[in-house]
Amino acid sequence: MIKKFFTPQHKLTKYSKILYTFSALFFVLIVVLFSIKQYLLKNFNGVSIEEIIFHLKTPIVGTGLDMILNYFILEKKFLSIAGIIFLLTVTLLSFNKNIRNCLFTNIIIFVTSTFLLFIGMYNIIKDLDISKYLISQMTTSSFIEENYVSPQNVTITFPEVKRNLIYIYLESMESTFISKQNGGCMQNDIIPELTQLAKQNINFSENKDIGGASSPSGTGWTIAAMVAQTSGLPLLIPVDATIYGEYSEFLPGAISLGDILKQHGYNQEIMVGSDMSFGGRRSYFTDHGEYIIYDLFTARNKRKIPNDYYVWWGFEDSKLFSFAKEEIIRLSQDTAPFNFTLLTVDTHNIGGYFCELCNNEHNSQYENVLSCSSRQTVDFINWLKKQDFYENTTIIVCGDHPSMDDQYIETHYDGSKPRKVYNCFINIADLGQINSKNREFNTLDFFPTTLAALGCKISGERLGLGTNLFSQKQTLSEKYGNDKINEEFSKSSIFYRKNILRE
């Protein structure tokens, strides 16, 4: 029996076939998992397990094709290795009977592949802090319950003449990209037009110069950032939750800016240059405010672009701003006030999209794209200022979250100050004296601050987990510190699951 164990057999046994099959799959999986991990860590600065889990729970439809192609291009050597390993295993199985038909050899190969797979999985768990996430999820926190202020329990009084709102999310825009002289981290200002815009209007800052908001845990990717800024809530991802599917109601217990403005008679529209379904964005803005959706497919249906048009994530920002002008003019002709939300995309990682309006003024493509975004945004705002409706329209310009372009950040960010999200409030209601400098705050605070900018009176000056920055009320960042907030958001909240997710 022992001799048979070590001696090649005339025919390949079913056990050997099973061992070889799993060995081949394990070897390939090891290389693929390693390449995916390296790709995420190299190209998505600060990518969190929360974001990965969220996107696993939502449809991947709408993902930028360039982003997927970049993975295959940048990791082609690892994927080639995986293919070679698979071919070698098949060759070994097909031609070398002495190795192929020996059960002992089969077991050794299987044990080796299994061991390496476990080592690879351990490294992924360690590098992505999966164990920390799982441990945190096993710990409950009452922080959200103790600090959450439901808009249902707050009196929000609108001015007699309601102001229009134009809210512009600038993809990955940080105050970090401003020069050190003006409060940022760069030797030369990458976004000078946005810098001047912040100087000439209201910019909330952690210092005396231009600054921005912290992006706490659960707000660091686009839909999470939009949820944070419009509902004062992080987008928390319980690992066992099933509520982020395509047909589920998105955060059914949340009350957002869209819900409130809809209740007060606003016409609402959101425009993106991609597939609005990506990341659950369509569900969120449909469920909370019944926004009109204008995305890649809308532009095609309206014959603004050809049916097969697709660059970057859909269509570029130069077209986005052009289409936005038409939609805003249409909204302004109605007697009802309007809320128009815009999300840019050209500055998305990796490297951004270099369009026909971009200049080669910097050594880095990403900087060229950032500078181009700065010019296009301010040109658009200058156009808005010339329109008849501008006098009664408040414009808010904010980054959605810090940039994920790790290659650029590693090379150009010197760590001289924490990375913050850009913000600028333009043509707000008359609120008297404003204390906008030397504040500690995060993107959750933009929810009540936006309503205040429209001239709304908010009893208690707090909504969700946010604080009206135009008030003298202490923010949660000032009260607890951002590290404490991040720690508590990473834990499981029974209140959040019961009252916000409504599981």
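The structure reproduced in this document is the subject of the present report. Since this is a predicted model, take the numbers as computed values, not measurements. (Residues numbered from 1 in each chain as written. Predicted model: local features only at pLDDT ≥ 70, side-chain atom pairs only at ≥ 80, totals over all residues. Heavy atoms only, no water.)

### Focus on the overall build of the protein chain
Rules: Strands here mean DSSP runs of E at least two residues long; helices mean DSSP runs of H or I at least four residues long; both are numbered from the N terminus. Buried, partly exposed and exposed residues are distinguished by accessible area as a fraction of the type maximum, computed with a 1.4 Å probe on protein chains only: under 20%, between the cut-offs, and over 50%, respectively. All accessibility values rest on the Shrake-Rupley procedure with a 1.4 Å probe; residue burial counts only the protein chains present in the view.
The helix and strand tally for the protein chain stands at 21 helices and 11 strands. Across the 503 residues of the protein chain, 57% fall into the buried class. A total of about 22200 Å² of accessible surface is found on the protein chain, and carbon and sulfur atoms cover 55% of it.

### Quick word on the sheet that holds strand β6 (residues 338–343)
Rules: Paired strands are those between which DSSP finds at least two bridges. We call two residues in contact when some of their heavy atoms are within 4.5 Å. Note on geometry: axes are C-alpha line fits, over the in-contact stretch for helices, and angles between N-to-C directions span 0 to 180 degrees.
With mixed pairing, the 7 strands of this open sheet are ordered in space as β3-β8-β7-β2-β6-β4-β5. Looking at strand neighbours, the two that pair on one side only are β3 (212–213) and β5 (292–294), the edges of this open sheet. Across 3 bridges, the pairing between strand β4 (residues 267–272) and β5 is parallel. Across the sheet, E269 pairs through a bridge with I292, a residue of β5. Seen against the sheet, helix α11 (residues 222–231) touches β2 (164–170), β4, β6 and β7 (393–399) and runs at an angle of roughly 145 degrees to β2. Those strands touched by helix α15 (residues 317–332) are β2, β4, β5 and β6, and its axis lies near 175 degrees from that of β6.

### Section: unusual backbone geometry
The residue after N349, namely I350, is reached through a cis peptide bond having omega 5 degrees. When you line up the elements, I350 lands in the loop between β6 and α16 (365–385). Not every positive phi belongs to a glycine, and L251 is a case in point at roughly 50 degrees. Judged by relative accessible area, L251 falls into the buried class, the value being 1%. For N427, which is not glycine, the phi dihedral falls at a positive 55 degrees.

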